[in-house]
Amino acid sequence: MTPTATARTDVATETRRTNIDERTMANAIRALAMDAVQAANSGHPGMPMGMADVATVLFTRFLKFDPTTPDWPDRDRFVLSAGHGSMLLYALLHLTGYRGLTIEQLRAFRQWGSLTPGHPEYGHTLGVETTTGPLGQGLATAVGMALAERMLAARFGSDIVDHKTYVLCGDGCLMEGISHEAISLAGHLRLSKLIVLFDDNAISIDGPTSLSCSDDQIARFAAAGWATRTVDGQDPEDVTGALAAAQHSDRPTFIACRTIIGFGAPNKQGSKDTHGSPLGTEEVEAARETLGWPHAAFEIPEEVATAWSAAGARGSVARHDWQARMMKLVPCIRRQFEDATLGVVPVAAFEALAQLRATYQREQPKRATRQVSQQVLDAVVPVAPNLVGGSADLTSSNLTQAKLQRPVNASDFAGSYIHFGIREHGMAAALNGLAVHGGFIPYGGTFLVFSDYSRPAIRLAALMRLRVIHVMTHDSIGLGEDGPTHQPVEHLASLRTIPNLLVFRPADAVETVEAWELALEATHTPSVLCLTRQAVPALPRSEDMKAGVARGAYVLHEPDGGRDITLIGTGSEVALALAASRSLADQNIQAAVVSAPCFTLFARQPRDYQRAVLGSAPRIGIEAAIDSDWARWLGPDGIFIGMTGFGASAPAERLYAEFGITSEAVVRAAHDLVGTQAQRG
């Protein structure tokens, strides 16, 4: 008998011994959900009450997990994509014995400092596999998790990696556009270990889903290459049959569970009134009577608690067996697996970066930073097998595929390059899934202007403190003829406002290497590398001078005899600042030049360092984008030279001239500032 079968038998035996049926176990979830939402006077009781039977079947008969070791690498993943129904998950975590999820924490649902926030938060509560709430994100992130499982299994074998990813989603998840990208990619890759349970209750906040949606979800998923099935979500045996069939599918599985939202609330079930509001004291009491649950609020009878505890304990056998198999691995293979799951970047990768940096410092190439990024990948990928990535159908433009990378496909998951297709939003969420699953350091490429498509998932990566690297090329009007639809002007400003996100805009080859190094080192922070389409010159620096990318901004050129003005540039505009400084020097105006590849890192520096870099002279900022937070660095009298609106279709040189982003414009602005300063003096 397999460990899983043994565990299921143990739960069944314990349930019979205590005479507790699955409906009673499910009612414990319903009671905790409605009690917690009522106590908070805030929340969503309907989904947990409607899907309690489905969740009970999953957690007692199928899900492979061990609450005593919640980070066990080969556990099944459970993603509550319908994150508004968080009390379903919190009730399950409490009942099955996750550390910290006490009854007091359920009483503190949605309160300051509790482990039970309104929507599940990864890293905050044990047992929460990913942050959910923005609908569709959990489903799309789960695709990345399921992909990570297949890719790890291809590397280390099914004895070490063999688990499933279960998703509970609702109508809202499937209405969101990201769901199309996610289910299409999962079907294309035939991610057979991915199982989606759809809460088909036909109710949304506004009322019946028929108000806005008439999709045939079964047909939709079948068209995307999924196995599909419809079940009665209030019938445990029907749910069991569907889940049992899904265990052996050669495709991802979609199970539409017909449920009644707010099941058990006699006057409100089946209506929008149970979706996003407390039931009310009278309806809670009526539900207790309807469900045959005579117990006080937050009270779980001992026999029910015992049955749920047995469900939580059943995975320990499988975990111990897995650990025994791990110990039989060749030590070097076991170490590789452990390093991968811990997210360790091999020392050899940083050595390769150091060598590449030294080469660029010596040779001083004029090169597009996107080309440098590809050479970084060529250097690092051979020595960092856990670095995996892809592009949203822009590989030849983003230059995101290293020479040695083989594509991942439905019949071969041993590769490390993923063709995400034209699915930026789905790609960004899948990258989050690869990261949160563990085993890989993911990166993905697109044009910077399309970061708008990716932004919701980038924000979640920042919130979850995930190391995800976004390679975003064609970073300004410098891309030229494609015109304003493809020229990012507001995107740098927009991305810089996201907390815990490193936005790099390197100015040359050396800065690009250092930006990649910092992105790999940022274990709890996502990064965006904003890279040029056009070639940029190497910046002048001594051979032993390290670019100050790690400090966010640094002095590239300090004039002798003090500063009359400070020129601050990012990316391709640093070269303009240097050209302007040379012209100003010929006119007896001493200009310092500062390169600022990452304002977020610069903001973290000590004030003394910031003052030393910025100086006390008037300042000019130069960036081919709109002004955003530049005033913070330029001061009240500073001048910003950049974009004030959208771009246009023309060669890059003409665009820079027409929009006034030139060294001559910098020189004129410097004269104005120095003259004004002299008059004040």
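Before reading further, recall that the structure is shown in the block above.
Summarised in this report is the structure supplied together with it. It should be emphasised that the depicted structure is a prediction, and the values quoted were computed from it without experimental measurement.

The rules behind these values
Within any chain, residue numbers begin from 1 and follow the written order of that chain's sequence. At least 70 in pLDDT is required for a residue's local features to be given in this predicted model, at least 80 for side-chain atom pairs to be given and counted, and no such filter applies to totals for whole chains, interfaces and linings, which use all residues. Hydrogens and water molecules were not included; the side-chain quantities draw on all heavy atoms of the structure. Secondary structure elements follow DSSP: runs of H or I of four or more residues count as helices, runs of E of two or more count as strands, with numbering from the N terminus. Radius of gyration: over C-alpha atoms. The globule rule applied is 2.2 Å multiplied by the number of residues raised to the 0.38 power. Note on classification: 1.4 Å probe, protein chains only; a residue is buried when its accessible area is under 20% of the maximum for its type, exposed when over 50%, partly exposed between these limits. Throughout, a residue-residue contact means that at least one pair of heavy atoms, one from each residue, lies within 4.5 Å. Reported accessibility uses the Shrake-Rupley method at a 1.4 Å probe radius. Residues are deemed covered only where the shown protein chains occlude them. Expected helix span is computed as 1.5 Å times (number of residues minus one). Within this analysis, the arc is defined by the directions that extend from the helix axis to the C-beta atoms. Two strands pair under a simple rule: DSSP has to find at least two bridges between them. Every crossover in which the path from the first strand over the helix to the second runs clockwise, viewed with the strands pointing away from the viewer, is termed right-handed. In what follows, salt bridge is the name for a side-chain nitrogen of Lys or Arg lying within 4 Å of a carboxyl oxygen of Asp or Glu. The term polar contact refers here to a pair of N or O atoms within 3.5 Å; inside protein, the definition further demands a hydrogen-donor-capable atom paired with an acceptor-capable atom, and it admits residues adjacent in sequence only when both atoms are side-chain atoms. Pairing of aromatic rings covers Phe, Tyr and Trp, the last through its six-membered ring, and needs centres within 6.5 Å; plane angles under 30 degrees mean stacked, over 60 mean edge-to-face, and all others mean tilted. Here, over-ring charges are defined by two tests on the NZ atom of lysine or the CZ atom of arginine: distance to the ring centre within 6 Å, and angle to the ring normal within 35 degrees. The angle between two axes is taken between their N-to-C directions and runs from 0 to 180 degrees, where each axis is a line fitted to C-alpha atoms and a helix contributes only its stretch in contact. To define a nonpolar core, start from buried Ala, Val, Leu, Ile, Met, Phe, Trp, Tyr and Cys residues and group those joined through side-chain atoms within 4.5 Å.

## Some words on the overall build of the protein
Alright, step 1. Within the protein, the secondary structure is distributed over 28 helices and 20 strands.
Alright, step 2. In summary, the protein has a C-alpha radius of gyration of 28 Å against a globular reference of 26 Å for 681 residues, a match within 12%.
Alright, step 3. Within the protein, the proportion of its 681 residues that are buried is 60%.
Alright, step 4. Within the protein, contacts between residues at least 6 apart in sequence are counted, and of these 78% link residues at least 24 apart.
Alright, step 5. About 25500 Å² of surface is accessible on the protein, with carbon and sulfur atoms providing 50% of the total.

## Brief notes about helix α17 (residues 369-380)
Because each turn of an α-helix spans 3.6 residues, side chains separated by three or four positions in sequence point in the same direction.
Alright, step 1. Here α17 contains twelve residues, and its C-alpha end-to-end distance of 16 Å stays within 8% of the 16 Å for a straight helix at 1.5 Å per residue.
Alright, step 2. Taken together, the buried positions of α17 are occupied by T369, R370, V372, S373, V376, L377 and V380. Buried residues of α17, seen end-on, are gathered within an arc of 155° and therefore sit on one face of the element.

## Quick notes on the environment of V376
Alright, step 1. Relative to the assigned elements, V376 resides in helix α17.
Alright, step 2. Sequence separation of V376 and R357 is 19 residues, and the distance between their C-alpha atoms is 9.3 Å.
Alright, step 3. Filtering out sequence-adjacent residues up to four positions away, V376 remains in contact with L353, L356, V513 and W516.

## Points about the pairing of strand β11 (residues 441-447)
Successive side chains on a regular strand alternate, one facing one side of the sheet and the next facing the other.
Alright, step 1. The buried fraction of β11 amounts to seven of the seven residues, a majority that puts the element mostly inside the structure.
Alright, step 2. With five bridges connecting them, strand β9 (residues 387-391) and β11 associate as parallel partners. By the bridge assignment, L387 is partnered in β11 with I441.
Alright, step 3. Where β11 lies against strand β12 (residues 469-473), five bridges are found, and the strand directions are parallel. Residue G444 lies in a different strand from β12, and its bridge partner there is H470.
Alright, step 4. Assessed by its sense of winding, the connection that carries the chain from β11 through helix α20 (residues 451-464) to β12 is right-handed.

## Describing the pattern of salt bridges
Alright, step 1. A full pass over the atoms with the stated rule returns 25 salt bridges.
Alright, step 2. Between R150 and E149 there is a salt bridge, and its shortest N-O distance comes to 2.6 Å.
Alright, step 3. A relative accessible area of 0% places E149 in the buried class.
Alright, step 4. When the shortest N-O distance is used, the salt bridge between R541 and D508 registers 2.9 Å. You can see R541 sitting in the loop between β15 (535-536) and β16 (554-557) and its partner D508 sitting in the loop between β13 (502-504) and α22 (509-521), a full 33 residues away along the chain. With respect to burial, R541 and D508 carry one shared label: buried.

## Focus: the side chain of H437
Alright, step 1. For H437, the position within the fold is in helix α19 (residues 424-437).
Alright, step 2. Within polar-contact distance, the side chain of H437 engages the side chain of H163 at 2.8 Å.
Alright, step 3. The residues contacting H437, other than those within four sequence positions of it, are R77, M145, A148, E149, L152 and H163.

## Description of the packing of aromatic side chains
Centre-to-centre distance and the angle between the planes together describe a pair of aromatic rings.
Alright, step 1. Applying the stated rule across the entire model yields 18 aromatic pairs.
Alright, step 2. Seen from their ring centres, Y90 and F109 are 6.2 Å apart, and the 70° between their planes marks the pair as edge-to-face. Of this pair, Y90 sits in helix α5 (residues 86-96) while F109 sits in the loop between α6 (103-107) and α7 (137-156); the two residues are 19 residues apart in sequence, bridging distant segments of the chain. The pair formed by Y90 and F109 is uniform in burial state, with each residue classed as buried.
Alright, step 3. An aromatic cluster is built from F599, F602, Y609, W630, W633 and F640, whose rings are joined through pairwise contacts.
Alright, step 4. Taking NZ or CZ as reference, R551 lies 3.7 Å from the ring centre of Y609, over its face.

## Topic: the sheet that holds β12
Alright, step 1. The sheet built from six strands is open, its strands ordered β10-β9-β11-β12-β14-β13 with parallel pairing. Looking at which strands have only one partner, the edges of the open sheet turn out to be β10 (417-419) and β13. Across this sheet, the average inter-strand angle for adjacent strands is 20°, counted without regard to direction.
Alright, step 2. As judged from the three bridges shared by β9 and β10, these two strands associate in the parallel manner. Residue G389 lies in a different strand from β10, and its bridge partner there is Y417.

## Some details on the nonpolar core
Alright, step 1. Counting 80 residues, the largest nonpolar core has L387, I469, F504, W516, I565, L567 and I620 as the members making the most contacts within it.
Alright, step 2. At eight residues, α22 tops the list of elements feeding residues into this core.
Alright, step 3. In contact with L567, other than residues within four places in its own chain, are A577, A580, S581, L584, A591, A592, V593, V594, I620, I622 and V666.

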